[in-house]
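Given next are the chains, with one letter for each unit.
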Amino acid sequence: MEYVYLVASLPALELTTAPRISSAELLASSGGVLRPDHREDLRAVLEDRPADVRAAELRSYLDAETQLRNAVASLRAARAGAGYDAGAHPTAGFDARCAGVAERAMELDDPRERELALDRLRWTLLDELAVAPPFGFQAVLAYGLKLRLAEKWAAMDEAEGLRVAAGISEAVLAGSVA
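Residues numbered from 1 in each chain as written. Predicted model: local features only at pLDDT ≥ 70, side-chain atom pairs only at ≥ 80, totals over all residues. Heavy atoms only, no water.

> So what's going on with the pattern of salt bridges? Residues and values would help.
For the coordinates displayed, the defined rule picks out 18 salt bridges. Between Arg49 and Asp52 there is a salt bridge, with its nearest N and O atoms 2.8 Å apart. A relative accessible area of 44% places Asp52 in the partly exposed class. Between Arg148 and Glu151 there is a salt bridge, with the nearest N and O atoms lying 2.7 Å from each other. Here Arg148 pairs with Glu151, and both are found in helix 7 (residues 137-155), just three residues apart, close to one helical turn. What makes Arg148 partly exposed here is its relative accessible area of 24%. Look at the salt bridges and you will find they share partners, linking Glu65, Arg69, Glu115, Asp119, Arg122 and Lys152 into a network. (Salt bridge = Lys/Arg side-chain N within 4 Å of Asp/Glu carboxyl O. Buried < 20%, exposed > 50% of the residue type's maximum accessible area, 1.4 Å probe, protein only. Helix = DSSP H or I, 4+ residues; strand = E, 2+ residues; numbered from the N terminus.)

> Describe a nonpolar patch on the surface, with residues and values.
A surface patch of nonpolar side chains, amounting to about 250 Å² of accessible area, comprises Val164, Ile168 and Val172. In this structure, Val164 sits in helix 8 (residues 158-174). Of the residues examined, Val164 reaches a relative accessible area of 42% and is grouped as partly exposed. (Patch = residues over 30% accessible without salt bridge, like charges linked within 9 Å, V, L, I, M, F, W, Y side chains within 5 Å. Areas by Shrake-Rupley, 256 points an atom, 1.4 Å probe, with all protein chains shown as cover.)

> Any chance you could break down the environment of Ala28 for me, citing the residues and the numbers?
Following the sequence through the fold, Ala28 ends up in helix 2 (residues 23-29). On the basis of relative accessible area, Ala28 is assigned to the exposed category, the value being 56%.

> An account of the packing of aromatic side chains is needed here, citing residue identities and associated values.
Evaluated as defined, the whole model comprises one aromatic pair. Ring centres of Tyr3 and Phe137 lie 6.3 Å apart, and the angle between their planes is 65°; on these two criteria the pair is classed as edge-to-face. You can see Tyr3 sitting in the segment before helix 1 (4-9) and its partner Phe137 sitting in helix 7, a full 134 residues away along the chain. For the residue pair Tyr3 and Phe137, the accessibility class agrees, reading buried in each case. (Phe/Tyr/Trp six-rings, centres within 6.5 Å; stacked < 30°, edge-to-face > 60°.)

> Run through the environment of Ala142, naming residues and quoting values.
The residue Ala142 is located in helix 7 in this model. Exposure remark for Ala142: the relative accessible area of 1% places this residue in the buried category. In this structure, the C-alpha to C-alpha distance between Ala142 and Asp37, residues 105 residues apart in sequence, is 16 Å. Not counting the four nearest positions on each side in its chain, Ala142 is found in contact with Leu126, Leu129 and Ala130. (Contact = heavy atoms within 4.5 Å.)

As structure tokens, then:
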């Protein structure tokens, strides 16, 4: 219960709703509250550098995230008739949900829905990370990662996504992309 005040003062987050706080605001508000090493770990999370986090509290989430990415990469490789070596990205532990969610997500035709299915699992994993100990550093890290997910969804622009997809399709059809 190291960071009760900080965690309790943070606004609620929803995956597909624009957050009421930014990553920069979270980092600034934690300045006088977090220990220096914890603040640097939070900064790494907010700057999308989770591998730079030294806190062991994040290990279970990072392992599950790697399992999820390995499962998606393996399924994509199988679709393309290529091999994929999951051993190149090893993990400790095992979360059976990762392979199942990845498989169901990759069956979806809509890339946005596919990404949403994967991010919903990430959100659930972060909810689980945040509960023990309550109001501890794990909760701060989980909030930071959930904030990044919410920011990602808030920044999505469907029209821009369609333009990028059309450009990729045109390049593939023209033979300029392998």
